[in-house]
Each structure stands twice: as C-alpha cells, then as structure tokens.
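Take a look at the letters that make up each chain.
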Amino acid sequence: MNDLAGKHVLLGLSGGIACYKSAELTRLLIQAGARVQVVMTDAAQRFITPVTMQALSGQTVYTCQWDPRIARHMAHIDLARAADAILIAPASADCIAKLAHGCADDLLTALCLARSCPLLIAPAMNRQMWQHPATQRNVAQLRADGVTVLGPASGPQACGETGEGRMLEPDTLRNTVVAFFQPKVLQDKRVLLTAGPTFEPIDPVRGITNRSSGKMGFALARAAAEAGAQVQLIAGPTALPTLEGVLRIDVQTAQQMYDAVMACVEAFDIFIAVAAVSDWRAESVSAEKIKKNGEFVVPRFVFTENPDILAAVTRLPKPPFCVGFAAESSDLEKHGREKRLLKNVPLLVGNIGPETFGQDKNELMLFDETGIKHLPRADKLSLARALVKEIAQRAARVSAKPQ
Ligand code: C5P
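Residues numbered from 1 in each chain as written. Predicted model: local features only at pLDDT ≥ 70, side-chain atom pairs only at ≥ 80, totals over all residues. Heavy atoms only, no water.

Asker: Please provide a residue-by-residue account of the packing of helix α5 (residues 93-100) against helix α8 (residues 133-144), values included.
Answerer: Taken N-terminus to C-terminus, the directions of α5 and α8 make an angle of 50 degrees; their axes are 9 Å apart at the nearest point. Taken together, the axes of α5 and α8 lie oblique to each other. Pair α5 / α8 crosses with left-handed handedness. Across from Ala-93, Ile-96, Ala-97, Leu-99 and Ala-100 in α5, the residues of α8 making contact are Thr-135, Asn-138, Val-139, Gln-141 and Leu-142. Residues of the contact of α5 with α8, tallied by class, amount to seven nonpolar, three polar and no charged. (Axes fitted to C-alpha atoms, helices over the stretch in contact; angles between N-to-C directions. Helix = DSSP H or I, 4+ residues; strand = E, 2+ residues; numbered from the N terminus. Parallel < 35°, antiparallel > 145°, perpendicular 65-115°, else oblique. Left-handed = near helix turned anticlockwise from the far one by under 90°. Contact = heavy atoms within 4.5 Å. Nonpolar A, V, L, I, M, F, W, Y, C, P; charged D, E, K, R; others polar.)

Asker: Which residues make up the sheet that holds strand β11 (residues 230-235), and what are the values?
Answerer: In space, the eight strands of this open sheet follow the order β12-β11-β8-β13-β16-β17-β18-β19, with mixed pairing throughout. Sheet topology places β12 (247-250) and β19 (371-379) at the edges, where each strand pairs with a single neighbour. If you compare each strand with its neighbour and ignore which way they point, the axes differ by 15 degrees on average. Note: strand β8 (residues 190-195) against β11, six bridges, orientation parallel. (Pairing = 2+ DSSP bridges.)

Asker: Tell me about the site of the ligand, residues and numbers included.
Answerer: As a structural note, the neighbourhood of the ligand is formed by Ala-273, Ala-275, Val-277, Asp-279, Pro-307, Asp-308, Ile-309, Leu-310, Gly-324, Phe-325, Lys-339 and Lys-343. Between the ligand and Ala-275 there is a distance of 2.6 Å, counted from an oxygen atom to a backbone nitrogen or oxygen. In the environment of the ligand, an oxygen atom lies 2.8 Å from a nitrogen or oxygen atom belonging to the backbone of Phe-325. Protein coverage of the free-state accessible area of the ligand, which is 450 Å², stands at 86%. Only α12 (309-314), β16 (321-327) and α13 (332-343) provide two or more residues apiece to the shell around the ligand. In terms of residue class, the shell around the ligand is made up of seven nonpolar, one polar and four charged. (Near = heavy atom within 4 Å. Polar contact = N/O pair within 3.5 Å; in protein donor to acceptor, adjacent residues only side chain to side chain. Areas by Shrake-Rupley, 256 points an atom, 1.4 Å probe, with all protein chains shown as cover.)

Shown next, in the form of structure tokens:
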C-alpha cells in the first residue's frame, strides 16, 4: 500500500540500542511510499552507521550542522523545511531533555527547533531513566508543546531489566505515521463495531459458522482509529490482529456479541454492524461430542433464532448513528434498499457479491435516504477509509439537526 506516497519524513536517530530497529523502520516507511531523510546524532552513530541508513533510505544521511555538502551551512533550515513530519526514533533521554529545553547544539535538535512541521518522538531508554522525574517532566513539556509521544512499550530491555522504556516496534511506528497523515474526520468520536463471523456450537467440538473473515470490519476499525475516533471492536472468532489503540473484545456466539454490544453501546456516538452474525443457533448444545455410533444415524438439529443486534440497537431510546451491512447473493440494489428500511438504519452498506468474503479487495454500494452511491473496487483498507468519510459526513449531519 502506498499510504505515504508523496510524504517526506525526516527520521532522526539519537543514541540508543533501538537504533537497530530504525533500519527496519526506514525500510517500512519507504515501502509505504515515503521519502525518508535520515539525520543521526553522534551517539546514534555509535550504534549503527550512516552507511546502513543511507543504503536503506537511498538518501544522503546528515550527521553534522557543518556538513559542507549543504550550501550556506543551513542544513538545519533546509532539512526542516523539506519535511512533512519529523519522527525521532529512537528518542533518548538526553535528546528529549534537549528538545524540551529548546537546545540546538547538534543538527537534529537544531532542525527540530527550526521546523514548522509536526514532531513525533519514540522514546527508548532504560526503565529507570524513563521513570526519572526529570524525563517525565521533559516529556510532559514536549506534550504541552504539541509534540506527539509514541510509546514507549513495556517489556525486556537490552540492559537486562524489564519495564517501560522499549521503543515501539517498527511496524507499529510505521502504522502510527500512516495514521498521523489521515484526515481526522472522526476526531474524538466514540465508535463501536462488530466484525467477523460468529460460531454457534452444536457440541464441544463442532459448530455452525460462516465465511466472513473479519477483514472488512477490522479495516473499518483501523480506518476509524486513524480518523481520530476512540474505537471499540467486538470481534467474532478470527485470527486477525488489531491496530494499536483499538480496544477489542473477543466473542464466539451471536448471544455473546449481543451481550457485549448491549453492555456498552449507550456510550458510543456511532455503531457499525459489520459482523456476519449467525441468524440461528442450535436449540440445545450437546454436552458430549455427538458420536457416529456403530449404526449410522444422521443427527437432526432444531434451531432457534438469535437476537438481531443491529435491530436491538436501533430500538434504543437514544441510538447512536447506526450503519448496517448486507451481503446478498442476488439483486443487491433491491435487497439493499429494502434492508435499510427494514433495519431502520440511516446508512446500509452492501458488499457487491458474497465472493468478497475472505478477499483483500471489495466493492461497496451505499444506501441512504437520498439513494445509492457506489464505492468502486479497491483494497479493503482504502475502501474502509472512504467509507469512514461517508459515515462521518452523515453522522455530523444528524448530530447537527435540532433534537
Ligand atoms: O439481516 P441480515 O443478517 O442480512 O443483516 C445484516 C446486518 O445486520 C449486518 O449489519 C449485521 O451485522 C447485522 N446483524 C446483527 N445481528 C443479527 C443479524 C444481523 O446485528 N443477528
């Protein structure tokens, strides 16, 4: 995905063992389409060489304010001006202290002071250094100055200790940079989603499920989080990972999904029901595995209906802005229109063709009170971002209406 196409990221490295992760981070940012300009402090060069970073970024690496390759000795100005964002990873305790106090005694700190673009830092240090009141004061000052602080994570450290202070992993940092550049159309909105299939047991080892992979719902959860929302995902059985920052509750059955949604939905502004919820479950679940005894007898099951989660949410006295999904095997236009009215939702999203189950691409048809809108075939994350914009516009119109 070319999520960072056209973006110029200045990646600053200060001294820390996490510098080795910055090599991978450079590769991931470049893969995402960014132009990456690396600047290293003296201490960073003790851990990894400029040659490595130059080979990976494909750009000259700058380490010194007085580099004769930049005319007029204005490296700090020229480099800062060219960047859409500066990411310092790793950001050492010393680097953070300098930034907090506006020091400019090397190229990296000088260009941070000379910048007009956003600054993100990924702290990396021993847990005692991180917890030290001086570091905490400096970090608080940077936050107050509008700097975005990413992490740190907790876990085993190079010094042999375990605790808070590890730099976030390169793929997490790449995702954060990608999210940073997405338009904040759902800033501070609270979004609840269901995603994936459900699993209805018939005995301890068997059950009824469906072909939903959860990919579209997970992509939407990610897109909503990238758009600035606080996201709670309630997921049926799927092995998909969740984007950092998205809260997740895992459930198996439709009843569990219903209970999880109803327990919290009133705290949300938007509810997006993407899950392919089983309409029926076995009336009674066998406590033992149903045996194929010597004499073969085909078991017969009696089914009972599951609660309709979306319908229950729309019936609440003050429902959030609700979005339903539909996967039809024929005549989506007709069924989509009918289902929107039946489900009583302002927006219903139709998957064009049930063969999109499990695929990485999809094509959507949006049904609202004004008619039908087509979102053409694309990868599910791009579609999810487009859909989040559509949802945000409609939700804003509804909340702007006098009650
Ligand atoms: O009626 P149908 O299952 O096609 O409706 C699909 C929409 O309703 C989806 O948004 C789905 O998540 C939601 N749904 C639900 N609870 C059910 C069945 C469907 O929330 N029991």
